[in-house]
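# Structural overview for review
Listed below, chain by chain, are the residues.
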Number of protein chains: 2
Amino acid sequence: MTADIITIGDELLIGQVVNTNAAWIAQKLNLYGFKVNRMITVPDSKQEILNAFDESKERSNIVIITGGLGPTSDDITKPVMCEYFNTSLRLDEEVYKHVEAIIKSVGGIMNELNKSQAKVPAACKVLFNSIGTAPGMWFEKDNTIFVSLPGVPFEMEKLMTEQVLPELKSRFNIANIFHRTIITQGIGESMLAERIAGWEKKLHNEVKIAYLPSPGIVKIRLSVYGNSDGKKLIADEEAKLITIISDYIFGFDNDTPESVLGKILTEKRKTVSTAESCTGGNISRLITSVSGSSEYYIGSIVAYSNELKIKDLNVEAKDIEQYGAVSQQVVEAMALGAIKKFNTDFSIAVSGVAGPTGGTVEKPVGTVWIAVASKSKVVSNKFSFGTDRDRVVSRASITALNMMRKLVLATH
Amino acid sequence: MTADIITIGDELLIGQVVNTNAAWIAQKLNLYGFKVNRMITVPDSKQEILNAFDESKERSNIVIITGGLGPTSDDITKPVMCEYFNTSLRLDEEVYKHVEAIIKSVGGIMNELNKSQAKVPAACKVLFNSIGTAPGMWFEKDNTIFVSLPGVPFEMEKLMTEQVLPELKSRFNIANIFHRTIITQGIGESMLAERIAGWEKKLHNEVKIAYLPSPGIVKIRLSVYGNSDGKKLIADEEAKLITIISDYIFGFDNDTPESVLGKILTEKRKTVSTAESCTGGNISRLITSVSGSSEYYIGSIVAYSNELKIKDLNVEAKDIEQYGAVSQQVVEAMALGAIKKFNTDFSIAVSGVAGPTGGTVEKPVGTVWIAVASKSKVVSNKFSFGTDRDRVVSRASITALNMMRKLVLATH
């Protein structure tokens, strides 16, 4: 069972929009046992779309298509579909009523553009879109299934989850595909590969390994295709792997530094607060992106100015003067100040030079001090996170969350 | 002058990594006058990679390839390159010394994996990678240029910017491709399309239009291909367009709500602070993502708890009791409290129900109150931002930044 994913849109090919849909669809198809052969992005051009359809039909059992279903003139997927499946547009009454209701609810009136959203190729099964105006469409041709979905991510996701995937599941037998991802922090890809080289050499020949590096994190993914014992094969290898790199592992599969920290804090019924300088609220944003974080997250102060560090976090003015705002003394004081201010069990504090300006010889761009504190202990470390502003913020945030995780685990 | 972009990696096809590289490369190629015909993502499989090379060679003048150049066993791009270009690997002395220096700087020693990074196909021109261990490679075959780059985004970006694009520029004549993007906030795609339908009908036939919707924002892109007067053609249409939708336009091209707000605050020499509840630090993160924001951004309090709203922002306990934390009274008090606490000219405050829990009949998930304040004025509004947590945070943040922009502009 194989799949191709075709994303349609000039905006993708000029790079104005990042293709998150393809990744999301691939992830879901994988869980359902489909192997994605290829992802293809083509422009809003009839011939290019038709070519891609033909090629994908040769390669895969199912073809998921997104984009080009909007009401505006650059959206041509529907007429192209009609040509490819040798059919014509018809007005769908149910979709029409739904579109009309949506338009009216925002105080609009039905115009020709909105009305065109209710037209669908006669040859397709309509996938009703309860949260948007563009319905999905299900076609079949020469034993290949073509599914066309709107490009708006949350509409596409809802249609996939509620209609496309259940239908695919009922139509195909799910093969034995297993994945397990082990997530590390604080060690580079080469170092990690070297450290586990002996284990990798002896890896079971049906277990495939992949390294997935991103700023601050390296994931190791183990996969087995087409073996019903896959889960056990992977579990055996994972158990061996963990003994070699346990220091660096913070989670598995879809875990994130913030979700793992959240889980531990919830279990221990402890609270945390943050005091951020160069990360500018990013750690707070990550912590609060976890549903249920209000149980353990009290609040944050983003203290860009020294004045605020002194006033709100009880940092000593003389420490800032003597050591600078980016220093062990100041970041530890910030952490302790946050615990006191927010009355939490734990706190995270960061102070650094995110760049591109503000660097000195002694403290170049990328220098970041991170402190994590409990009521009785402060741990701090200095890092160099490179020269790219976004990357500095991202790596500092991930590192800080993982340092906090370790201190919470070590605190009784 | 046309281009294909091939991204290689199993991690992309199982959806574990979002393909940001393709968008980044496409954007740059576009600026240099290359039209991207297609983006293709293939697995770490020799045959699939070779097939993609063959197809892209038929379609485009240049083929940019990323991924599969790491030191680990799943990275096979280099041997595949050798096969495709009928060549073999050689050890590059300069790259070897560089890799060795990088490994030593992080306290490592040269192992076989690292050493393999210094091996390059004999037939290629090496693109020296000063910030990573995998060099880029430049090949030519039957008048098509193939460039292979590492998959790590910031390494790929640096090689593109400093070596690939300048070389392409010197080899090709840049065609006349012009783009202009007009960015709106606070109006949906259909409504916008309807409002400008009359203008669109009379649009110059060489000016192409595209709508690019994302949460809270709709961009309108105008493009002209292959006409040296393109800039003027677009400017004329843009001038007419602006008169129709000026209320909704907050910026152009690469502007973001946070960059535009920053520009205005810098010009006016005014400062801003934030008091966030449901957005959890996201507005602060956006503001501080702009280089130079320390000039106008003082700080933020993320007040997840009511206690903190009362203590730090002078919100009246009785207002929270009577109206709830998600209310006009409380969000306006938060905004005024932030101005006072941080001693800024302006402030942004947000309080809402991000979900998935916490909703009530009266205030369902997605209900968000936003207030923006100057020293003499508070403007507040209630919004419904749907039921997806990330989307609620994202739309609330964008809307708040745009409300702040308007108030700053209206303040003398």
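Heads up: these notes are all about the structure in this document.

### Regarding the nonpolar core
With 46 residues, the main nonpolar core has Ile-301 and Leu-313 of chain A together with Ile-301 and Leu-313 of chain B as its most contacted residues. For this core, the secondary structure elements donating two or more residues are β14 (297-303), α13 (306-313), α15 (328-342) and β16 (367-374) of chain A together with β14 (297-303), α13 (306-313), α15 (328-342) and β16 (367-374) of chain B. Sequence-distant contacts of Leu-313 of chain A, defined by excluding residues within four places in its chain, comprise Ala-275, Ile-301, Ala-303, Leu-308, Ala-333, Met-334, Gly-337 and Ala-338 of chain A.

### Here we look at helix α11 (residues 257-268) of chain B
Residue and element names in this part refer to chain B. Helix length check: α11, at twelve residues, gives a terminal C-alpha distance of 17 Å against a target of 16 Å (1.5 Å per residue), a fit within 8%. Looking at the buried residues of α11, the elements they touch are β11 (217-225), β12 (249-252), β13 (272-276), α12 (282-288), β15 (346-352) and α16 (389-410). The positive-phi residue at the C-terminal boundary of α11 is Arg-269, with phi of around 55 degrees.

### Looking at the sheet that holds β15 of chain B
One open sheet accounts for ten strands, arranged β17(A)-β16(A)-β15(A)-β13(A)-β14(A)-β14(B)-β13(B)-β15(B)-β16(B)-β17(B); its pairing is mixed. A strand with exactly one partner marks an edge of an open sheet, and here the two such strands are β17 (378-384) of chain A together with β17 (378-384) of chain B. Taking the axes of each pair of neighbouring strands and ignoring which way they run, one obtains an average angle of 10 degrees across the sheet. Taken strand by strand, α13 of chain B contacts β14 of chain A together with β13, β14 and β15 of chain B, and its axis lies near 145 degrees from that of β14 of chain B.

### What about the packing of helix α2 (residues 20-31) of chain B against helix α7 (residues 153-171) of chain B?
Residue and element names in this part refer to chain B. Here α2 crosses α7 at 25 degrees, and the two axes come no closer than 11 Å. As the angle between them shows, α2 and α7 are arranged roughly parallel. For α2 against α7, the interelement crossing comes out right-handed. Residue-level contacts link Thr-20, Asn-21, Trp-24, Ile-25, Lys-28 and Leu-29 of α2 to Pro-153, Met-156, Glu-157, Met-160, Thr-161, Leu-165 and Leu-168 of α7.

### As for the pairing of β14 of chain A
Counting buried residues along β14 of chain A, seven of its seven residues qualify, which places the element largely inside the surrounding structure. Here strand β13 (residues 272-276) of chain A pairs with β14 of chain A via five bridges, running parallel. Looking at the pairing, Ala-275 of chain A lines up with Ile-301 of chain A of β14 of chain A. Traced from β13 of chain A through helix α12 (residues 282-288) of chain A to β14 of chain A, the parallel crossover comes out right-handed. Here five bridges tie β14 of chain A to β14 of chain B, and the two strands are oriented antiparallel to one another. The residue of β14 of chain B that forms the bridge with Gly-299 of chain A is Ala-303 of chain B.

### A closer look at the relation of the copies chain B and chain A
The two copies are related by a screw motion: chain B maps onto chain A through a turn of 180 degrees and a shift of 0.0 Å along the axis, at an RMSD of 0.1 Å. Expressed as a symmetry operation, the mapping of one chain copy onto the other fits a two-fold axis. Comparing interface residues between copies, 100% of those in chain B also sit at the interface in chain A, which points to an isologous, same-surface contact.

Definitions and limits used
Residue positions within a chain follow its written sequence, with the count starting from 1. Just so you know, chain letters begin at A and ligand numbers begin at 1, following the order they were written in. Per-residue local features of the predicted model are confined to residues with pLDDT of at least 70, and side-chain atom pairs are confined, for both listing and counting, to 80 or more; whole-chain, interface and lining totals are unaffected and use all residues. As a rule here, side-chain values cover all heavy atoms of the structure and leave hydrogens and water aside. Here, the term nonpolar core denotes a set of buried Ala, Val, Leu, Ile, Met, Phe, Trp, Tyr and Cys residues that are joined through side-chain atoms within 4.5 Å. Burial classes follow relative accessibility: with a 1.4 Å probe on protein chains only, a residue under 20% of its type's maximum area counts as buried, one over 50% as exposed, and anything between as partly exposed. Elements are defined by DSSP. Helices are runs of H or I of four residues or more, strands are runs of E of two residues or more, and each kind is numbered from the N terminus. Between two residues, a contact is recorded if the distance between any of their heavy atoms is within 4.5 Å. To estimate how far a helix should extend, the number of its residues minus one is multiplied by 1.5 Å. Strands qualify as paired when DSSP identifies two bridges or more between them. Comment: axis = line fitted to C-alpha atoms, over the contacting stretch for helices; angle = value between 0 and 180 degrees taken between N-to-C directions. Orientation categories follow fixed angle ranges, with anything under 35 degrees roughly parallel, anything over 145 roughly antiparallel, 65 to 115 roughly perpendicular, and all other angles oblique. Note on convention: the crossing is left-handed when the near helix lies turned anticlockwise from the far helix by less than a right angle, right-handed when the turn is clockwise. Crossover handedness is defined here as right-handed if the route from the first strand over the helix to the second strand goes clockwise, with the strands pointing away from the viewer. Each copy is superposed on the other by least squares, with the fit set by C-alpha atoms of residues at a pLDDT of at least 70 in both.

Geometry only, nothing functional implied.
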